[in-house]
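Chain and residue survey
These are the residues of each chain, in order.
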Amino acid sequence: MERIAVISDIHGNIPALEAVLNDIEKRGIKEIYCLGDLAGKGPEPEKAVDMIREKCSVTVRGNWDDFIGNPTEDEAFVWQQRRLGEERIRYLNTLPFSYDFWMSGRLIRLFHASADSVFHRVRFTAPLEERLAMFDNTEATGKGEHTPDVVIYGDVHHAFIQGLKAKSLCNTGSVGNPLDMTQPSYMILEGELHKRQPSSFSMSIVRVPYDVEIAIQVAIDEGLPEEELAAYKKELRTGRYRGLPDE
């Protein structure tokens, strides 16, 4: 039996990424896949890109990876672009949209947000028809011979596993910017990798504690732009999206 760790949405938060990678290492898991959004929001996007390139054998493209290099006058985006540099931005632009593989007789598909686009957001509360469409073969994923049995995605920063008509829709949650609680999350898959013959298979969500205040202090020390810093603090401390009103 092999195990794969699936992580997503790092967002330049290195203390959180280090905590998750340490947890993966303690479990003896060697294979790590990443679902994108390496940069954006957090203060160390260049370190996040470098660490993911080193540690992950598969990485797919997120929405931030897609647009982070676009021309802009937004101060927070320009700050991120300067940290990343041209070579890392080119790397992010080359990331594939999706990745398919077999495990214990199940076709598993990884992408960032949906089967159609890195910008089409699908929450766990979306209408059933929209969630079932996550298993479609589309122009973006490729017209494969099979549709996936398991879809794993990121983007919404909210970890869950749902059974949908004999299929499984899963979200890893976020490493660097969790918005369902304040602890980073990732998934572990266990089964027979690259085997089409059905056999024992499991999926689980892991939560990893880390020091949020250290991550915030890094953002202060690195000079994250003031407006972005205020939103970053709120999200890390509360696990609530910056666009929501305070309770």
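Notes on the structure follow. (Residues numbered from 1 in each chain as written. Predicted model: local features only at pLDDT ≥ 70, side-chain atom pairs only at ≥ 80, totals over all residues. Heavy atoms only, no water.)

1. Section: the overall build of the chain
For clarity, the cut-off: For the purposes of this entry, the term helix denotes a DSSP run of H or I that reaches at least four residues, the term strand denotes a run of E that reaches at least two, and both are numbered from the N terminus. Radius of gyration here is computed from C-alpha atoms only, and the compact-globule reference equals 2.2 Å multiplied by the residue count raised to the power 0.38. What makes two residues a contact is simply this: any of their non-hydrogen atoms within 4.5 Å. In this description, accessible areas are obtained by the Shrake-Rupley approach with a 1.4 Å probe, and a residue is regarded as covered only by the protein chains that are shown. Counted as positive: Lys and Arg. Counted as negative: Asp and Glu, with His and the chain ends omitted from the count. Taken as the charge centre is NZ of Lys, CZ of Arg, CG of Asp or CD of Glu, depending on the residue.
A count of helical and extended segments in the chain gives 7 helices and 10 strands. Expected size for 247 residues packed as a compact globule is a radius of gyration near 18 Å; at 17 Å, the chain falls within 12% of this value. Expressed as lengths along the three principal axes of its C-alpha atoms, the size of the chain is roughly 50 × 40 × 40 Å. Within the chain, contacts between residues separated by at least 24 positions form 69% of all contacts whose residues are at least 6 apart in sequence. Of the accessible surface of the chain, which amounts to about 11,200 Å², a share of 47% is contributed by carbon and sulfur atoms. Treating the 29 positive side-chain charges of the chain as one cloud and the 40 negative ones as another, the clouds have centres 4 Å apart.

2. Examining empty space enclosed by the protein
Where empty space is left becomes clear once a probe the size of a water molecule has been rolled over the atoms. For clarity, the cut-off: Lining residues are defined by having an atom within 4 Å of a point belonging to a cavity or pocket. Those points lie on a 1 Å grid over the protein atoms alone, cavities being sets where a 1.4 Å probe fits but cannot get out and pockets being open sets with protein on both sides within 12 Å along at least five of seven lines. Grid points are joined across faces, edges and corners, and a volume is the space filled by probe spheres set on the points. Residues were grouped as follows: Ala, Val, Leu, Ile, Met, Phe, Trp, Tyr, Cys and Pro as nonpolar; Asp, Glu, Lys and Arg as charged; and all remaining residues, including Gly, as polar.
On inspection of all chains with the given rule, the structure shows 1 cavity of 30 Å³ or more. What the largest cavity holds in volume is close to 40 Å³. In this structure, the largest cavity is lined by Lys41, Trp64, Ala76, Phe77, Trp79, Gln80, Leu224, Pro225 and Glu228. The element contributing the most residues to the lining of the largest cavity is helix H4 (residues 75-93), with 4 residues. For the lining of the largest cavity, the per-class residue count stands at 6 nonpolar, 1 polar and 2 charged.

3. Observations concerning the sheet that holds strand E9 (residues 185-191)
Stated precisely, the cut-off is as follows: Strands were regarded as paired on the criterion that DSSP finds at least two bridges between them. Here an angle of 0 to 180 degrees is reported between the N-to-C directions of two axes, which are lines fitted to C-alpha atoms, with helices fitted over the stretch in contact.
Across the sheet, which stays open at both edges, the 5 strands sit in the order E3-E2-E1-E9-E10 with mixed pairing between neighbours. With one partner strand each, in any of the chains shown, strand E3 (58-59) and strand E10 (202-207) form the two edges of the open sheet. The sheet contact formed by E9 and E10 spans 6 bridges and is antiparallel. Counted as the bridge partner of Glu190 is Ser202 from E10. The strands that helix H1 (residues 14-26) touches are strand E1 (2-7), strand E2 (31-34), E9 and E10; relative to E1, the one it contacts most, it runs at about 175°.

4. Details of the packing of helix H6 (residues 212-221) against helix H7 (residues 226-238)
Where we set the bar: Each angle receives one of four descriptions, namely roughly parallel if under 35 degrees, roughly antiparallel if over 145, roughly perpendicular if within 65 to 115, and oblique otherwise.
The N-to-C vectors of H6 and H7 enclose an angle of 170°; their axes lie 10 Å apart at closest approach. Put simply, H6 runs roughly antiparallel to H7. In this structure, H6 contributes Val212, Glu213, Ala215, Ile216, Ala219 and Ile220 to the contact, and H7 contributes Leu229, Tyr232, Lys233, Leu236 and Arg237. Class assignment for the residues of the contact of H6 with H7 results in 8 nonpolar, no polar and 3 charged.

5. Details of the environment of Ile161
Here is the rule: Type-normalised accessible area, obtained with a 1.4 Å probe on protein chains alone, sets the label of each residue: buried when under 20%, exposed when over 50%, and partly exposed for intermediate values.
Its location among the elements puts Ile161 in strand E7 (residues 160-164). Looking at Ile161, the relative accessible area reads 38%, which means it is partly exposed. With 44 residues separating them in the primary sequence, Ile161 and Ile205 have C-alpha atoms 8.3 Å apart. Beyond its immediate sequence surroundings of up to four residues, Ile161 is in contact with Leu169, Cys170, Met187, Met203, Ser204 and Ile205.

6. With respect to the side chain of Ser168
With respect to the secondary-structure elements, Ser168 resides in strand E8 (residues 167-171). Apart from residues no more than four positions distant in its own chain, Ser168 is found in contact with Phe135, Asp149, Val150, Val151, Gln162 and Met203.

7. Points about the layout of surface pockets
When its volume is computed, the largest pocket comes out at roughly 560 Å³. Lining the largest pocket we find 24 residues, and of these Lys41, Trp64, Arg121, Tyr241 and Arg242 sit closest to its centre. Of all elements in the fold, only helix H3 (63-67), H4 and H7 reach the threshold of two or more residues within the lining of the largest pocket. Considering only residue class, the lining of the largest pocket consists of 8 nonpolar, 5 polar and 11 charged.

8. Description of the sheet that holds strand E4 (residues 98-103)
Ordered in space as E4-E5-E6-E8-E7, the 5 strands form an open sheet in which the pairing is mixed. Edge positions in the sheet fall to E4 and E7, since each has one partner strand and no second. Averaged over neighbouring strand pairs, the angle between their axes works out to 20° when direction is ignored. Judged from the 4 bridges that link them, strand E6 (residues 150-153) and E8 form a sheet pairing that is parallel. Bridge pairing in E8 places Ile152 opposite Cys170.

9. What about the packing of aromatic side chains?
Stated formally: Planes of paired rings set the category: under 30 degrees apart is stacked, over 60 is edge-to-face and the rest tilted, where pairs are Phe, Tyr or Trp rings (Trp by its six-membered ring) whose centres lie within 6.5 Å. By definition, being over a ring means that NZ of Lys or CZ of Arg is both within 6 Å of the ring centre and within 35 degrees of the ring normal.
All told, the structure shown has 10 aromatic pairs when counted by the stated rule. Centroid distance Phe67 to Phe119: 6.0 Å. Interplanar angle 20°. Geometry classified as stacked. With Phe67 in helix H3 and Phe119 in the loop between strand E5 (106-111) and helix H5 (128-132), this pair connects stretches of sequence that are 52 residues apart. Here a set of aromatic residues connected by ring pairs shows up, and it is made of Trp64, Phe67, Phe77 and Phe119. The positively charged end of Arg53 is found above the aromatic ring belonging to Tyr91, 4.2 Å away from the centroid.

Function-wise, these values are silent; they only describe arrangement.
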